[in-house]
Amino acid sequence: MAAGAAGTRALLALLVLCSMAAGAAATTGFIKSPLSQKRLAQDSVELYCEAIGNPIPEIQWWFEGNDPNETYAQLWDGARQDRVKINATYNLHSTSTISIANLTGDDSGMYECRASNDPDRNHLSKSPKVKWIRSQANVFVIERPEITTGVTEASGKVILSCNISAPHLAITGHKWIHKEKTLVEDSNSGAFTSYEIQGKVEEHSGIYECVFEANPQIRGEVNISVPPQVSAYKKSEHGNEGDTGVLTCKNPSFPAVTTWTWHKSGHGRLDNASGRYIIKSGGNKTELRILKLDIEQDTGDYSCNAANPLGTGNATVSLRVRSRLAALWPFLGIVAEVLVLVTIIFIYEKRRKPDEVPDDDDGGSAPLKSNATNHKDKNVRQRNAN
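Residue positions are given per chain, counted from 1 along the sequence in the order it is written. Confidence filtering applies because this is a predicted model: local features only for residues at pLDDT of at least 70, side-chain atom pairs given and counted only at 80 or more, and all residues used for totals across whole chains, interfaces and linings. Think of the side-chain values as coming from all heavy atoms in the structure, minus any hydrogens and water.

Which residues make up the overall build of the chain, and what values go with them?
From N to C terminus, the chain includes 6 helices and 25 strands. Here the chain, with 386 residues, has 32% of them falling under the buried criterion. Computed with a 1.4 Å probe, the accessible areas rest on the Shrake-Rupley method; for each residue, only the protein chains presented here act as cover. Accessible area of the chain: about 24700 Å², with a carbon and sulfur share of 53%. Under the DSSP-based scheme used, a helix requires at least four consecutive residues in state H or I and a strand at least two consecutive residues in state E, with every element numbered from the N terminus. When accessible area is computed with a 1.4 Å probe and restricted to protein chains, residues below 20% of their type maximum are described as buried, those above 50% as exposed, and intermediate ones as partly exposed.

What follows is the structure in structure tokens.
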């Protein structure tokens with residue numbers, strides 16, 4: 001659908017450009033108009049307008065409220081106590097977006113996008129030759145219904161609930177969202193919805209959204225808040241003497257940590273003022289860097305401590321500092337084993353008895369005469385006898 005709409009706007013833009021090339025230089029037209037919308041109080045709304053012409057037209061936004069005596073008034077960026085923001089670009093054609101934050105009932109009314117490329121369009125005394133073309137959209141701001149939320153824990157289950165007050169809009173379904181992921185949804189029309197979580201409440205802290213599908217959509221928040229559930233990235237860290245050691249802790253629970261501190265067993269609280277310690281903390285993560293590690297001074301247990309409005313939490317990291325020569329010991333051990341093995345082989349070869357060599361007399365014994373030789377002699381004797 002989006003691709004089709006984009007193609008339609010491109011075709012319309014091409015037709016307008018062709019007409020301009022034919023001589024209709026003052027032509028201005030909309031290729032996208034704002035759409036009417038319904039919003040809840042305290043929500044925000046955004047309207048979009050796009051026009052084309054030669055020269056490129058200017059776009060303005062005007063507003064007329066629901067009061068019968070109220071007339072159109074031009075809107076500016078920063079109006080209504082800076083709740084109105086207007087962004088416009090003029091490149092080949094004109095585009096403009098108006099957004100209004102923290103809506104109230106007074107924001108309901110008719111919003112008008114006006115476009116004109118007449119040179120006298122903003123002149124105070126001259127009447128423009130080409131009138132402003134206009135495109136309108138209604139914004140309806142509806143009073144936000146009250147949502148009662150609850151969190152109960154029983155039998156290893158955490159149950160979240162939302163109950164919307166009456167009167168309310170027609171509801172066509174519900175949805176539960178956590179960390180931008182939809183957990184469950186249904187098509188029920190009731191004013192009450194709940195979601196069940198298996199496990200302890202500390203394991204599932206965070207902001208959960210209950211969504212009532214309506215026009216407009218109604219959303220509520222259920223917060224599961226717990227004290228900091230601090231854990232170390234690694235419970236045991238190793239570093240070489242003279243290097244920089246890095247210890248890290250995190251807090252995955254809600255709400256975020258407001259204060260992080262580091263302590264060393266037998267030493268007390270650590271701070272950046274010492275010059276050897278650099279502590280970087282923000283939100284749910286803290287990092288302790290120890291410069292120029294020392295075997296005697298820095299080996300030990302370190303504690304990262306966190307606090308938020310609901311309580312405190314901590315975790316311990318053990319740091320072991322090795323000598324710079326520690327990495328050589330395995331290599332030296334292998335070399336020693338090889339030298340011992342070579343020495344053993346050499347000594348064994350030196351002390352081994354030589355194999356016995358056979359005597360020369362035994363090797364010179366005359367071979368036995370074959371039967372073929374005896375038969376030859378016999379034949380010779382027989383011929384001589386004759």
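Picking up where we left off.
Help me get a handle on the packing of aromatic side chains, residues and values and all.
Centres within 6.5 Å make a pair out of two Phe, Tyr or Trp rings, where for Trp the six-membered ring is used; the pair is then stacked when the planes are under 30 degrees apart, edge-to-face when over 60, and tilted otherwise. Summed over all chains, the structure comprises 2 aromatic pairs. Each ring, one from phenylalanine 63 and one from tyrosine 111, has its centre 4.7 Å from the other, and the planes form 50 degrees; the classification is tilted. You can see phenylalanine 63 sitting in strand β4 (residues 58–65) and its partner tyrosine 111 sitting in strand β8 (residues 109–116), a full 48 residues away along the chain. Judged by its relative accessible area of 5%, phenylalanine 63 falls in the buried class. Residue class for tyrosine 111 comes out buried when judged on its relative accessible area of 0%. Taking the ring centre of phenylalanine 63 as reference, the NZ or CZ of arginine 80 above it sits at 4.4 Å. For a ring to carry a charge above it, either NZ of a lysine or CZ of an arginine must fall within 6 Å of the ring centroid while also lying within 35 degrees of the normal to the ring plane. Across from the ring centre of tryptophan 62, 4.0 Å away, lies the NZ or CZ of arginine 114, which sits over that ring.

I'd like a description of the pattern of salt bridges, backed by residues and values.
Oppositely charged side chains may form a pair once their charged atoms are brought near each other. Salt bridge, as used here, is a side-chain nitrogen of Lys or Arg placed within 4 Å of a carboxyl oxygen of Asp or Glu. Tallying each qualifying case throughout the model produces 11 salt bridges. The salt bridge involving aspartate 82 is made with lysine 85; its shortest N-O contact spans 2.9 Å. The exposure class assigned to aspartate 82 is partly exposed, which follows from its relative accessible area of 44%. Close ionic contact of lysine 157 with glutamate 196 constitutes a salt bridge, the shortest N to O distance being 3.7 Å. Taken together, the residues lysine 157 in strand β11 (residues 157–164) and glutamate 196 in strand β14 (residues 192–198) connect sequence positions 39 residues apart. Each of Arg80, Arg83 and Asp107 takes part in one network of salt bridges that share partners.

Break down the state of the cysteines for me, citing the residues and quoting the values.
Counting rule for disulfides: a pair of cysteine sulfur atoms within 2.5 Å. Scanning the model with the defined rule gives 3 disulfides in all. Bridging cysteine 162 to cysteine 210, the disulfide has an S-S length of 2.1 Å. Between cysteine 162 and cysteine 210, the S-S dihedral sits near -90 degrees, and the bridge is therefore left-handed. Of the two residues, cysteine 162 is situated in strand β11 and cysteine 210 in strand β15 (residues 206–213); the sequence distance between them amounts to 48 residues. Residue cysteine 162 is classed as buried on the basis of its relative accessible area of 0%. On the accessibility criterion, cysteine 210 (0% relative accessible area) is buried.

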